[in-house]
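Structure at a glance
Single-letter residue listing:
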Amino acid sequence: MEGRNSMISYKPLWKTLIDHNMKKLDLLEAADISRGTLAKMGKNEPVNLAVIDKLCMYFQCKIEEVVEFVDNTDG
């Protein structure tokens, strides 16, 4: 969305993948997510909360290790 000052980021997920010695494509089969969902996450677009749940269950981690909220407002 244009003009958005805050967003979600999947940077913690990419770090979690590195920590588990995995590539993004490994995640498709391992956590049973679609290529479309992976593409959305690659662009920091919102995904269904069920996907976040799958990722947390797969990695046995907290949500903070998958997604974060980034506030880019100047105020």
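Look a little higher up for the structure.
Here is what the cut-offs are and how they apply
Starting afresh in each chain, residues are numbered from 1 along the sequence in its written order. The model is predicted, so local features are restricted to residues of pLDDT at least 70 and side-chain atom pairs to those at 80 or more, both for listing and for counting; the totals for chains, interfaces and linings are taken over all residues. Here the side-chain values reflect all heavy atoms present in the structure, with hydrogen atoms and water set aside. The numbering of helices and of strands both runs from the N terminus, where a helix is a DSSP run of H or I of at least 4 residues and a strand a run of E of at least 2. Distance and chemistry together define a polar contact, namely a pair of N or O atoms within 3.5 Å, with one atom able to donate a hydrogen and the other to accept it when in protein, and with adjacent residues in sequence counting only for side-chain atoms on both sides. Working rule for contacts: check all heavy atoms of both residues, and any pair within 4.5 Å makes them a contact. For this analysis, a ring pair means two rings from Phe, Tyr or Trp (six-membered ring only for Trp) whose centres lie within 6.5 Å, classed as stacked if their planes differ by under 30 degrees, edge-to-face if by over 60, and tilted for the remaining angles. For every residue, the accessible area (1.4 Å probe, protein chains only) is compared with the maximum for its type, and the residue is labelled buried under 20%, exposed over 50%, or partly exposed between those bounds. Whether a charge lies above a ring is judged from NZ of Lys or CZ of Arg, which has to be within 6 Å of the ring centre and within 35 degrees of the ring normal. Here the nonpolar core consists of buried residues drawn from Ala, Val, Leu, Ile, Met, Phe, Trp, Tyr and Cys, with membership extended through side-chain atoms lying within 4.5 Å. Every case where a carboxyl oxygen of Asp or Glu lies within 4 Å of a side-chain nitrogen of Lys or Arg is listed as a salt bridge.

1. Regarding the side chain of Ser9
Counting through the fold element by element, Ser9 comes out in strand β1 (residues 6–9). At a separation of 3.1 Å, a polar atom in the side chain of Ser9 contacts the main-chain amide nitrogen of Lys11. Contact partners of Ser9, with chain neighbours within four places excluded, come to Asn44, Val66, Val67, Glu68 and Val70.

2. So, the packing of aromatic side chains
Evaluation of the coordinates by the stated rule reveals 1 aromatic pair. For the pair Tyr58 and Phe59, a centre-to-centre distance of 4.9 Å together with 80 degrees between the ring planes defines the contact as edge-to-face. The class for Phe59 is buried, based on a relative accessible area of 8%. A cation sits over an aromatic face here: Lys24 above Trp14, 4.2 Å from the ring centre.

3. Details of the nonpolar core
Formed by 20 residues in total, the largest nonpolar core has its most connected members in Tyr10, Leu13, Leu27, Met41, Leu55 and Val66. Per-element accounting of this core gives the leading share, 5 residues, to helix α4 (residues 49–59). Apart from residues no more than four positions distant in its own chain, Tyr10 is found in contact with Met41, Asn44, Glu45, Pro46, Val47, Ile52, Val66 and Val67.

4. Quick look at the pattern of salt bridges
Charged atoms that come close allow side chains of opposite charge to pair. Counted by the stated rule, this structure contains 2 salt bridges. Residue Lys15 pairs with Asp19 through a salt bridge whose shortest N-O separation is 2.9 Å. Note that Lys15 and Asp19 are positioned in helix α1 (residues 11–19) at a spacing of 4 residues, about one turn of the helix. In this structure, Lys15 and Asp19 share a single accessibility class: exposed. Lys54 is the salt-bridge partner of Asp32, the closest N and O atoms lying 3.7 Å from each other. With Asp32 in the loop between α2 (24–30) and α3 (35–42) and Lys54 in helix α4, this pair connects stretches of sequence that are 22 residues apart.

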